[in-house]
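# Survey of secondary and tertiary structure
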Amino acid sequence: MFKLLITGGAGFIGSHLAEIALRAGFEVHIIDDLSVGRRIFVPRAAKFHLLDIRSPKLFNLVKKIKPEFICQLAGINVISKAAANPAEDVSIAVAGTVNLLQAVKDLKIKKFLYVSSCAVYGESRLPAKENTVINPSIFYSLSRATAESYVNFYAQNFGLPTVVVRLTNVYGPRQTAGTIPRWLRSLDKNEPLILEGKGEQIRDYLYVTDAANGLISALQKLQGVYNLSTGEAISMREIVLALGQVIGQIPKVDYCPIPAGEIINRVFDSSALARDTGWQPQVPLLDGLRLTLKWWKEKVK
């Protein structure tokens, strides 16, 4: 049985990845400081270690675990929070990632997966592909692009087998921060949903179990850099209407200015990952929103 170490594994995406990895036969270890993640999200069968990935204690812990596979998901997971505290963002995303790379570089690992963001492309021709020139235009994407460079450096200079996966917008159960959870809180309070601009911004939303399955596929089969997305463009206004279909009424909407520096349009091509792994997204948006709302009502309220 191979050991998989997931940093940030008590979080939204990491906890789903842990569940899928356990079903795939991995022995799963999770490192998380619970600053964002929640202990209750950690599967019972996973081994949990309470630790900040920037800690010097990481070295001894990793040597004790001796993982064959590593997935680095730890970091500030909301763009606005990264903008509000860029020093903390870069400390976790870059220094934390380097600390983890240092801890594993002399181990006989099979794969180091760094989960980056498709936001590194900035405003680009759509859909952005892996060979699209990156243009990080916000703090969040700048720290991810920098961490990617370190991962590539360790691959080239230490022979570390690595893969970088650039994730699109992910949504689903256990997500507690971001646009869709914010809208669900507004619905709970019978308040209007806040829509930036006219709601014409284009996004590419991927359901969380589809994201986790894609990450497992990348971990097992890939090296290099890959996008992970649906490749399907949808406007924020259309997402509001889809949410209305799920709840049975069109939500009330208030509009606000688009924040400075916001990446207006984000759609990404993940055909390379699909070609090289056989992965395909399985959950349509309406089904994903229904599952998300069901969890929200059962667990959050």
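Above: the structure in question.
Residues numbered from 1 in each chain as written. Predicted model: local features only at pLDDT ≥ 70, side-chain atom pairs only at ≥ 80, totals over all residues. Heavy atoms only, no water.

### Observations concerning the pattern of salt bridges
Going through the model one piece at a time under the given rule, you end up with nine salt bridges. Notably, a salt bridge pairs Arg 144 with Asp 89, separated by 2.7 Å at the nearest N-O pair. Taken together, the residues span a long stretch of sequence, with Arg 144 in helix α5 (residues 139–158) and Asp 89 in helix α4 (residues 86–104) at a distance of 55 residues. Residue Arg 144 is classed as buried on the basis of its relative accessible area of 5%. Asp 89 sits in the buried class, given a relative accessible area of 1%. Glu 148 serves as the salt-bridge partner of Arg 166, at 2.7 Å between the closest nitrogen and oxygen. Taken together, the residues Arg 166 in strand β6 (residues 162–167) and Glu 148 in helix α5 connect sequence positions 18 residues apart. Arg 166 sits in the buried class, given a relative accessible area of 5%. (Salt bridge = Lys/Arg side-chain N within 4 Å of Asp/Glu carboxyl O. Helix = DSSP H or I, 4+ residues; strand = E, 2+ residues; numbered from the N terminus. Buried < 20%, exposed > 50% of the residue type's maximum accessible area, 1.4 Å probe, protein only.)

### Concerning α5
Taking 1.5 Å per residue as the helical rise, α5 with its 20 residues ought to reach 28 Å, and the 28 Å between its terminal C-alpha atoms agrees with that figure. Every buried residue of α5 is accounted for by Tyr 140, Ser 141, Ser 143, Arg 144, Ala 145, Ala 147, Glu 148, Val 151 and Tyr 154. On its buried side, α5 packs onto α3 (79–84), α4, β5 (111–117) and β6. Gly 159 sits one or two positions beyond α5 and adopts a positive phi of about 70°. (Expected span 1.5 Å × (residues − 1). Contact = heavy atoms within 4.5 Å.)

### What about the packing of aromatic side chains?
Per the counting criterion, the structure on display carries 10 aromatic pairs. Ring centres of Tyr 171 and Tyr 205 lie 5.9 Å apart, and the angle between their planes is 65°; on these two criteria the pair is classed as edge-to-face. Of the two residues, Tyr 171 is situated in strand β7 (residues 169–171) and Tyr 205 in strand β10 (residues 205–207); the sequence distance between them amounts to 34 residues. Judged by its relative accessible area of 0%, Tyr 171 is buried. By relative accessible area, which is 12% here, Tyr 205 ends up buried. Both rings, one in Tyr 171 and one in Tyr 207, keep their centres 5.5 Å apart while their planes meet at 70°; by these two values the pair is edge-to-face. Within this pair, whereas Tyr 171 is found in strand β7, its partner Tyr 207 is found in strand β10, the two being separated by 36 residues in sequence. With respect to class, Tyr 171 is no different from Tyr 207; both count as buried. The rings of Phe 2, Phe 26 and Phe 69 are connected pair by pair, giving a single aromatic cluster. (Phe/Tyr/Trp six-rings, centres within 6.5 Å; stacked < 30°, edge-to-face > 60°.)

### Some details on the packing of α4 against α5
Relative to each other, α4 and α5 sit at 15°, their axes nearing to 9 Å. In terms of orientation, α4 lies roughly parallel with respect to α5. In the crossing of α4 with α5, the sense of the turn from one axis to the other is right-handed. In this structure, α4 uses Pro 86, Asp 89, Val 90, Ala 93, Val 94, Thr 97, Val 98, Leu 101 and Gln 102 to contact α5, whose residues at the interface are Phe 139, Tyr 140, Ser 143, Arg 144, Thr 146, Ala 147, Tyr 150, Val 151 and Tyr 154. Of the residues contributing to the contact of α4 with α5, the split by class is 12 nonpolar, four polar and two charged. (Axes fitted to C-alpha atoms, helices over the stretch in contact; angles between N-to-C directions. Parallel < 35°, antiparallel > 145°, perpendicular 65-115°, else oblique. Left-handed = near helix turned anticlockwise from the far one by under 90°. Nonpolar A, V, L, I, M, F, W, Y, C, P; charged D, E, K, R; others polar.)

### With respect to the side chain of Lys 111
Relative to the helices and strands, Lys 111 is located in strand β5. Despite its burial, Lys 111 remains without a salt bridge, the nearest opposite charge being carried by Asp 276 at 11 Å. Polar side-chain contacts of Lys 111 include one of 2.7 Å to the backbone oxygen of Leu 222. Residue contacts for Lys 111: discarding those within four places in its chain leaves Glu 68, Phe 69, Ile 70, Pro 161, Thr 162, Val 163, Ala 218, Leu 219, Gln 220, Lys 221, Leu 222 and Gln 223. (Lys, Arg positive; Asp, Glu negative; His and termini not counted. Polar contact = N/O pair within 3.5 Å; in protein donor to acceptor, adjacent residues only side chain to side chain.)

### Quick look at a positive patch on the surface
Among the surface-exposed residues, Arg 38, Lys 81, Arg 185 and Lys 189 lie close enough to one another that they form a single positively charged patch. Relative to the helices and strands, Arg 185 is located in helix α6 (residues 179–188). Since its relative accessible area comes to 35%, Arg 185 is described here as partly exposed. (Patch = residues over 30% accessible without salt bridge, like charges linked within 9 Å, V, L, I, M, F, W, Y side chains within 5 Å. Areas by Shrake-Rupley, 256 points an atom, 1.4 Å probe, with all protein chains shown as cover. Charge placed at Lys NZ, Arg CZ, Asp CG, Glu CD.)

### Digging into helix α1 (residues 12–23)
The terminal C-alpha atoms of α1, which comprises 12 residues, lie 18 Å apart, in line with the 16 Å expected from a rise of 1.5 Å per residue. Of all 12 residues in α1, nine are buried; the element is thus mostly enclosed. Where α1 is concerned, the buried positions are Phe 12, Ile 13, Gly 14, Ser 15, His 16, Leu 17, Ala 18, Ile 20 and Ala 21. Considering only its buried residues, α1 is in contact with β1 (3–7), β2 (27–32), β4 (69–72), β6, β7 and α7 (208–221). Of the residues trailing α1, Gly 25 is marked for its positive phi of about 100°.

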